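Per-entry structural report
Here are the chains, one letter per residue:
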Amino acid sequence: MLALRDEINAHNRHYYVEDDPQISDAAYDRLMVELQALEAAHPDWVTPDSPTQRVGAAPLSSFQPVHHAVRMLSLGNAFEPQDVRDFDERIVTILLQAGLLAKSTGDEATRAQGALFAENAPAGSVEYVAEYKFDGLAVNLRYEQGLLVQAATRGDGEEGEDITANVRTLRSVPLRLLGDSVPAVLEARGEVLMGQADFERLNDMQAARGEKRFVNPRNAAAGSLRQLDSRVTAGRPLRFYCYGWGQIQDGSGTEIQPCSTHASMLDWLAAFGFAVSPGRKLCHGAEDLLAFYEAVGRERPGLPFGIDGVVYKVNNLKAQQVLGFVARAPRFAIAHKFPAQEETTKLLGITVQVGRTGALTPVARLQPVFVGGVTVTNATLHNEDEIHRKDVRIGDTVIVRRAGDVIPEVVGPVLALRPADALPFDFLAACPVCPECGSAVERPEGEAVTRCTGGLFCPAQRKQTLWHAASRKALDIDGLGDKLIDQLVDNDRVRTLADLYSLSALELSTYDRMGQKSAANLVAAIDGSRHPPLSRLLYALGIRHVGETTARDIARHFGTLQAVLDASEEAFLQVPDVGPVVALSIYRFFAEPHNREVLAALSAAGVQPQDEVAVAGQKPLLGKTLVLTGTLPTLSRDEAAALILAAGGKVSGSVSRKTSWVVAGEDAGSKLGKAQELGVAVIDEAGLRALLASAPVSTASLGSSGDAGAG
Ligand code: IVH
């Protein structure tokens, strides 16, 4: 029985992880039938890691949120060779400064002290691991005592969704880790993908069953992973490739770092039964990286799965720690993207759309064209100047670009194909007033964008403001779709966000396409949005330049709505990552009497945001000890210390192995040297601010930890 289970698991691995099947499909099926029969006769023999347990479970009603033990970062992008050279140069500079890179072959002192790089690495050049950038979905797999206990999506990096039931059905995901030396906690990170051939087969099947086809493998993978019914996922050909890790702990709950390099970590992970990123290569210096990029670019059309670029990572983990991270991306890694995908098609006409902030955007109406994996019929032309700069005329054959997930855009005309009667576009003639509300339009001097001056009088702006406020990352009001918003605004029933809270189920059920049940559900959803975290309310207000991240930064900085309302323009400038343009925009928003009225009406309607500190429920630096050295660019010693204390951290005067981070400024003294000697992470003021704005970050990704030998 045990032997049979292990035998099938081994075949799974040969097939899905090593791409090297050892028996025929029919023989495999016979083994499975045998195991199923045995388990049916002896239900108590069924274990959670049995291959029979990959068929999916009863459907869920929703996905539960998962707080990541270690934040899931994103990557900065490079597009041009120069971006890669700049990236490498930044790293060389920092590592030389830190004494972690030998200047020349003769620099034995640094080599001996740092001993960070491979013996054969050329002096002065950094060793990187270059990998594919998979075009799928990032997931975190958590194993406790070797058993898969949780799988989660990346979400916003701090909080994702629990998709364990779905991920259990992937045969390339071990349900139990192989080997004897499994750590108590191990989180493997990587990408879930669908191969090109599997995708095409799935689509043929979908079509045969009269079901909708997926536009591309990435969407098919996403749709398959986000199934509430994991039995559907079980029927989808998904694969997991591991490219990193999250939390790793030993039996005493201590964070451990079992290897000293990224490459050896991947080998270490592979030994547990993961399919690790194939096609990776050790490179030294920027030119080596660029050669890898070129080679992969040639290989790309023949690869069995989608990649949208390559990723370069500093191989040495101690060097990674010293480099730290900026905002949400590590400084030690970068994604080098392949050029956007382009196609040509006919420009049939140009219409003008009104955005949430009143921006009038010319939109190209196109003959449908398949580009970047989807059919495109509209593409942005950005603004008036862009149309002229590109000299795009109605009737032209144009190049359309759709890069990754971004909005499709018109790159320019194919002049050789221009018909004699192609018509230049006259913005003012086409759009003398706002096409939605008839208000005057204006284009402030020095700005590229023409705007409707109607503000929230303009129904288009009002509709989009409401739609934005109800969206998932804002108040998350399920069931408030754009068709209903159109009706509510057109009937003048809802003028501001606050009006939503006076809608009754009875009234809503009188609107088109609203049954009693959906009306009642919507009222419940609206009701449930009365106590959002402050950050979500701030984001929902649709303040210009305030995205999700800035909203969170502001909420964390001020804590309460009242404190935000009371803040001066200077006070907004104190928020990490907020510059003058953003500060002014926020300040003006709250100074506007109309906006104050809406906030008062919201409060009267019972909308009370939760204070942010209470929401986070955590102090990002709790249990951490930081040491300050040198002069920071904007913070005085006392200010920095006060911020650290407020975040739950301790400030110490001397560096030891227990130090979590050394914050170094200009003219940093011996403490910096001591930090490097002990392998303690060194960050600058920007790094400190990022920490203060972040959730707890475990030492596995950032902090100090010894070099427990190469794996
Ligand atoms: S490393 C600390 N490696 O790209 C860096 N990411 O833009 C974390 N991705 O969310 C990511 N292939 O979904 C890394 N070989 C690779 C990758 C990869 C694809 C995705 C991943 C991540 C996104 C970042």
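For the structure itself, look to the data block above.
Residues numbered from 1 in each chain as written. Predicted model: local features only at pLDDT ≥ 70, side-chain atom pairs only at ≥ 80, totals over all residues. Heavy atoms only, no water.

**Here we look at the overall build of the protein**
As a reminder, the rule being used: Labels follow the DSSP assignment, with helices taken as runs of H or I lasting at least four residues and strands as runs of E lasting at least two, numbered in each case from the N terminus. For this measure, only C-alpha atoms enter the radius of gyration; the expected value for a globule follows 2.2 Å times N^0.38, where N is the number of residues. Note on exposure labels: buried denotes an accessible area under 20% of the residue type's maximum, exposed denotes more than 50%, and partly exposed covers the range between, all computed with a 1.4 Å probe on protein chains only. Contact definition: two residues touch when any of their heavy atoms are within 4.5 Å. Using a 1.4 Å probe, the Shrake-Rupley method yields the accessible areas, and only the shown protein chains count as cover for residues. We score Asp and Glu as negative and Lys and Arg as positive, and we do not count His or the chain ends. By convention, the point assigned to a charge is CZ for Arg, NZ for Lys, CD for Glu and CG for Asp.
Looking only at helices and strands, one finds 27 helices and 26 strands in the protein. The C-alpha radius of gyration of the protein comes to 28 Å, within 12% of the 27 Å expected for a compact globule of 711 residues. A principal-axis box enclosing the C-alpha atoms of the protein has dimensions of 70 × 70 × 60 Å. Per-residue burial over the protein gives 49% buried out of 711 residues. A sequence separation of at least 24 residues applies to 67% of the contacts in the protein between residues at least 6 apart. Of the roughly 32500 Å² that the protein leaves accessible, carbon and sulfur atoms contribute 52%. Charge-centre separation for the protein: the mean point of 70 positive side chains lies 2 Å from the mean point of 87 negative side chains.

**Here we look at the layout of surface pockets**
The test is simple: Buriedness of a pocket was judged along seven lines, with at least five required to meet protein on both sides within 12 Å; pockets are open sets of points on a 1 Å grid over the protein atoms alone, cavities are sets where a 1.4 Å probe fits but cannot get out, and lining residues have an atom within 4 Å of a point. Grid points are joined across faces, edges and corners, and a volume is the space filled by probe spheres set on the points. Residue polarity is assigned by list, with Asp, Glu, Lys and Arg as charged and Ala, Val, Leu, Ile, Met, Phe, Trp, Tyr, Cys and Pro as nonpolar; anything else, Gly included, falls into the polar class.
A volume near 1000 Å³ is recorded for the second largest pocket. Residue lining of the second largest pocket: 33 residues in total, with T357, G542, R544, F589 and N595 positioned closest to the centre. Counting residues per element, the ones that place at least two in the lining of the second largest pocket are strand 22 (451–452), helix 14 (459–470), helix 22 (580–591) and helix 23 (593–604). Partitioning the lining of the second largest pocket into residue classes produces 13 nonpolar, 11 polar and 9 charged.

**Points about the sheet that holds strand 25 (residues 661–664)**
Across a sheet, strands are paired by hydrogen bonds formed along the backbone, either parallel or antiparallel in direction. Where we set the bar: Note: two strands are recorded as paired if DSSP finds a minimum of 2 bridges between them. Interaxial angle, 0 to 180 degrees, is taken between N-to-C directions of lines fitted to C-alpha atoms, where a helix line uses only the stretch in contact.
Taken in spatial order, the 4 strands make up an open sheet running 24-23-25-26, and their pairing is parallel. Looking at strand neighbours, the two that pair on one side only are strand 24 (650–652) and strand 26 (681–683), the edges of this open sheet. When strand polarity is set aside, the average angle formed by the axes of neighbouring strands in this sheet is 35°. With 4 bridges joining them, strand 23 (residues 625–629) and strand 25 adopt parallel strand pairing. When the sheet's bridge partners are listed, T629 is paired in strand 25 with A664. Sheet contacts for helix 25 (residues 637–646): strand 23 and strand 24; angle to strand 23, the most-contacted strand, approximately 170°.

**Describing helix 22**
Since one α-helical turn is 3.6 residues long, residues separated by three or four positions face the same way. This is how the line gets drawn: How far a helix is expected to stretch is found by multiplying one less than its residue total by 1.5 Å. The directions from the helix axis to the C-beta atoms form the arc being described.
The terminal C-alpha atoms of helix 22, which comprises 12 residues, lie 16 Å apart, in line with the 16 Å expected from a rise of 1.5 Å per residue. Residues of helix 22 that are buried include every one of V582, A583, S585, I586, F589 and F590, and no others. Down the axis of helix 22, the sector holding all buried residues measures 165°, keeping them to one side. Seen from the open side of helix 22, the exposed residues pointing more than 90 degrees away from its buried face are P580, V581 and R588. On its buried side, helix 22 packs onto helix 18 (534–540), helix 19 (548–558), helix 20 (561–566), helix 21 (569–573) and helix 23.

**As for the site of the ligand**
We apply this condition: Working definition: residue near molecule or strand if any one of its non-hydrogen atoms lies within 4 Å of it. Under this definition, polar contacts are N or O atom pairs within 3.5 Å; protein pairs additionally need one hydrogen-donor-capable and one acceptor-capable atom, and for neighbouring residues in sequence, both atoms have to be side-chain atoms.
Not every one of the 14 residues close to the ligand is listed here, only the nearest: E131, Y132, F134, E191 and K313. Contact between the ligand and L75: an oxygen atom at 3.4 Å from a main-chain N or O atom of the residue. At 2.7 Å, a side-chain N or O of E191 approaches an oxygen atom of the ligand. About the coverage of the ligand: the protein hides 85% of its 520 Å² of free accessible area. Mapped by element, the contributors of at least two residues to the shell around the ligand are strand 3 (127–134) and strand 10 (307–314). Considering every element that reaches the shell around the ligand, the biggest residue donor is strand 3, with 4 residues. A breakdown of the residues in the shell around the ligand according to their chemical character gives 8 nonpolar, 1 polar and 5 charged.

**A word on the state of the cysteines**
What counts is decided by this rule: Criterion for a disulfide: a pair of cysteine sulfur atoms at a distance within 2.5 Å.
Per the stated rule, a full pass over the model turns up 0 disulfides. The closest cysteine sulfur to the non-disulfide-bonded C431 is located on C434, 6.9 Å from its own sulfur. Overall, C431 belongs to the buried group, its relative accessible area being 2%. Its sulfur unpaired, C458 is 3.7 Å from the next cysteine sulfur, which belongs to C437. A relative accessible area of 0% means that C458 is categorised as buried.

**Quick notes on unusual backbone geometry**
Positive phi outside glycine occurs at R513, with the angle close to 60°. Within the secondary structure layout, R513 lies in the loop between helix 16 (505–508) and helix 17 (516–527). Notably, H545 is not glycine yet its phi reads approximately 70°, a positive angle. Here H545 lies in the loop between helix 18 and helix 19. Judged by its relative accessible area of 41%, H545 falls in the partly exposed class.

**A few points about the environment of L688**
Among the structural elements, L688 can be located in helix 27 (residues 685–692). The exposure class assigned to L688 is buried, which follows from its relative accessible area of 0%. If sequence neighbours within four positions are ignored, L688 has contacts with L626, L635, A640, I644, V663 and I683.

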